[in-house]
Amino acid sequence: MGLTLTRLWSVWVARARRRRLRSRSSSQRSVARSHSDDSSSGRGSIADESMFIDASDSLWLQHTREMPILGRGSPVASLPQDLLLRIFSFLDVVSLGRAAQVSRRWHDLALHGSNWQRVDLFEFQMAIEGYVVEQMSKRKFCLNCPHMEKLILSKCVRITDRSCESLSKNCLNLLHLNLSSCRSITNKSCEHLGEGCNRLEHIDLSYCTVSLEGVEQLVKGCPGLRHIILTYCREIDDASLKLIGKNCKRLLSLDIKGCKRVSDRGVQALSEDCCELESLSVSNCDTLTDASLKKVAAHCHSLRILEATSCSHFSDVGFQALATGCNDLQRMDLEECSLITDQTLSSLALNCPNLQSLALSHCERITDNGIRHLVGGACFETLQVLELDNCPLITDHTLEMLR
């Protein structure tokens, strides 16, 4: 913090010095002209004037060096609070904590709510323990940051359910919470969040020990959830998706990657209730079939992103239905969807003019003819990423077409 204010002061000093140097240069030119006139008229030299200018400049520079940069009476101390808060807003969590110990005024500036609306503790994941978050939520967040909206605790492995209990009591305006890979988080945390953080819109519980019971408490207490990430929460099942669909009607994105207990029935129930869905990740949900894709196509017409890596039962039938029903698709990851053929590409080329990224790695039935459909289709002008590694039927003809 001191370094930031020091730089600000240094810039101010440098600019002021340049202004004085320009003024001095202009004065010297004026005096020089006067000296020329005086010489012709027999007057004295300009030594006295130049000595006066140099001495003045030296005194001014000495004065600026001796002025305190951060103490009382310094120019920095007289800056308006809005500007100081703007400077403080560039500091990370550690610097804010250090700045808060300098003085009472700095304490108030460092802990001002505007600096704590979004807190990211990812870099301190191995050091942050549960009681730290508890104390922060009680003392800092509650008293100084009543409007905190975003908290990232990803991979803070020592975070526990008690931390979420404290957050639910003291951070009532929380909108975005990332607890990814906090493996001590259980259904109890979902219960606490559902009780206190009712304004939540984004929750990431990837790799947490969460099941149907926790999902029920969370979605009933936070019906405004728009983004739910449950990557590799292995206890998530069809009943969990039904609860999400029933309670979170305005859901925009759902990530259930690696939730192998989910079947077509769960995806179908979710699709019927969450018609605004824009992003769906079902990668490694290897029991899903074309029935899921057909139901999504029938209800989720705003779908833009589909991640379906290793969904080995998806075929051309499902993707043709999806391309017809979801014309705004922009990104698709179909890696290792081994049943798809050129018919899928033909359907995408015909119906999805906004497609930007298409991953077809290990789709071994794709041929040059499928890429020809893409090249001649409406999406080719928007397509930016095309992954074709480990597609043995793709030849140099495809490279020529793309070139």
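Per an unreviewed UniProt entry, the protein chain is named F-box/LRR-repeat protein 2, and its organism is Geodia barretti.

Visitor: Even after reading the chapter, I still don't get the overall build of the protein chain, so can you show me in this structure?
Guide: Helices and strands together make up the secondary structure of the protein chain, namely 16 helices and 11 strands. Counting the 403 residues in the protein chain, one finds 45% classified as buried. Within the protein chain, counting contacts between residues at least 6 apart in sequence, those at least 24 apart form 79% of the total. Carbon and sulfur atoms provide 49% of the accessible area of the protein chain, an area that totals close to 20300 Å².

Visitor: It is not clear to me how the side chain of T231 should be interpreted in this structure. Could you clarify?
Guide: The residue T231 is located in the loop between β5 (227–229) and α10 (238–247) in this model. If we skip the residues at most four places from it in the chain, T231 touches S206, Y207, D255 and K257.

Visitor: What exactly am I supposed to notice about the nonpolar core here?
Guide: When a protein is soluble and globular, its nonpolar side chains tend to lie buried together. By size, the foremost hydrophobic cluster in this structure holds 81 residues, and its most contacted members are L205, I244, F319, L322, M332 and L358. Setting aside its immediate chain neighbours within four residues, M332 contacts L306, F319, L322, L348, L355, S357, L358 and A359. L96, A100, L109 and A110 belong to the second-largest nonpolar core, a separate cluster that totals 11 residues.

Visitor: So what exactly am I meant to see when it comes to the environment of S263 here?
Guide: With respect to the helices and strands, S263 occurs in the loop between β6 (253–255) and α11 (264–273). Distance in space between the C-alpha atoms of S263 and D237 is 7.6 Å, their sequence separation being 26 residues. In this view, S263 contacts D238, T287 and L288; residues no more than four positions away in its chain are not counted.

Visitor: Can you help me understand the pattern of salt bridges in this one?
Guide: Pairing of side chains with opposite charge becomes possible as their charged atoms draw close. Tallied over the full model, the rule gives 11 salt bridges. Among the salt bridges present, the one from E276 reaches R226, with a minimum N-O distance of 3.5 Å. Linking E276 in the loop between α11 and β7 (279–281) with R226 in the loop between α9 (212–221) and β5, this pair joins segments that are 50 residues apart in sequence. Overall, E276 belongs to the partly exposed group, its relative accessible area being 34%.

Visitor: Help me understand unusual backbone geometry in this model?
Guide: Excluding glycine, most residues fall at negative phi; most peptide bonds, likewise, are trans. With a phi close to 65°, K155 is a non-glycine residue in the positive phi region. Within the secondary structure, K155 is located in the loop between β2 (150–152) and α7 (161–170). A residue is classified by how much of its surface remains accessible, and K155, at 38% relative accessible area, is partly exposed. One non-glycine residue, N390, lies in positive phi territory at about 60°.

Visitor: Can you help me understand the environment of Q81 in this one?
Guide: Of note, Q81 is situated in helix α3 (residues 81–88). Given a relative accessible area of 42%, Q81 falls into the partly exposed group. Separated by 28 residues in sequence, Q81 and L109 have C-alpha atoms that sit 8.2 Å apart.

Visitor: Please clarify how α10 should be interpreted in this entry.
Guide: The set of residues buried in α10 consists of D238, S240, L241, L243, I244 and G245. Looking at the buried positions of α10, the neighbouring elements they touch are α9, β5, β6 and α11.

Visitor: Sorry if this is basic, but what is going on with the side chain of S310 here?
Guide: Within the fold, S310 resides in the loop between β8 (305–307) and α13 (316–325). Owing to a relative accessible area of 16%, S310 belongs among the buried residues under this scheme. In this structure, S310 is in contact with N284, D286, E335 and E336, ignoring residues within four places of it in sequence.

Visitor: Is there a simple way to explain the confidence of the model for the protein chain in this structure?
Guide: Any segment with low pLDDT has predicted coordinates that should not be analysed in fine detail. In the predicted model, the protein chain carries a mean pLDDT of 81, and the fraction of residues at 70 or more is 72%. Within the model, pLDDT remains below 50 along residues 38–69, and this stretch shows 29 contacts once partners closer than five positions in the same chain are excluded.

Visitor: What is the right way to read the packing of aromatic side chains from this model?
Guide: Given two aromatic rings, their pairing is described by the distance between the two centres and the angle made by the two planes. One pass over the structure, following the stated rule, counts two aromatic pairs. Where Y207 meets Y232, the ring centres are 5.6 Å apart and the plane angle is 15°; that geometry is what we call stacked. Placement of the pair is Y207 in the loop between β4 (202–204) and α9 and Y232 in the loop between β5 and α10, with a sequence separation of 25 residues. For Y232, a relative accessible area of 22% puts it in the partly exposed group. Aromatic side chains F314 and F319 sit 5.8 Å apart centroid to centroid with 90° between the ring planes, which places their arrangement in the edge-to-face category. Assigned by exposure class, F314 and F319 land together as buried.

Basis of the calculations
- Residues numbered from 1 in each chain as written.
- Predicted model: local features only at pLDDT ≥ 70, side-chain atom pairs only at ≥ 80, totals over all residues.
- Heavy atoms only, no water.
- Helix = DSSP H or I, 4+ residues; strand = E, 2+ residues; numbered from the N terminus.
- Buried < 20%, exposed > 50% of the residue type's maximum accessible area, 1.4 Å probe, protein only.
- Contact = heavy atoms within 4.5 Å.
- Areas by Shrake-Rupley, 256 points an atom, 1.4 Å probe, with all protein chains shown as cover.
- Core = buried A, V, L, I, M, F, W, Y, C linked by side-chain atoms within 4.5 Å.
- Salt bridge = Lys/Arg side-chain N within 4 Å of Asp/Glu carboxyl O.
- pLDDT = per-residue confidence, 0-100.
- Phe/Tyr/Trp six-rings, centres within 6.5 Å; stacked < 30°, edge-to-face > 60°.

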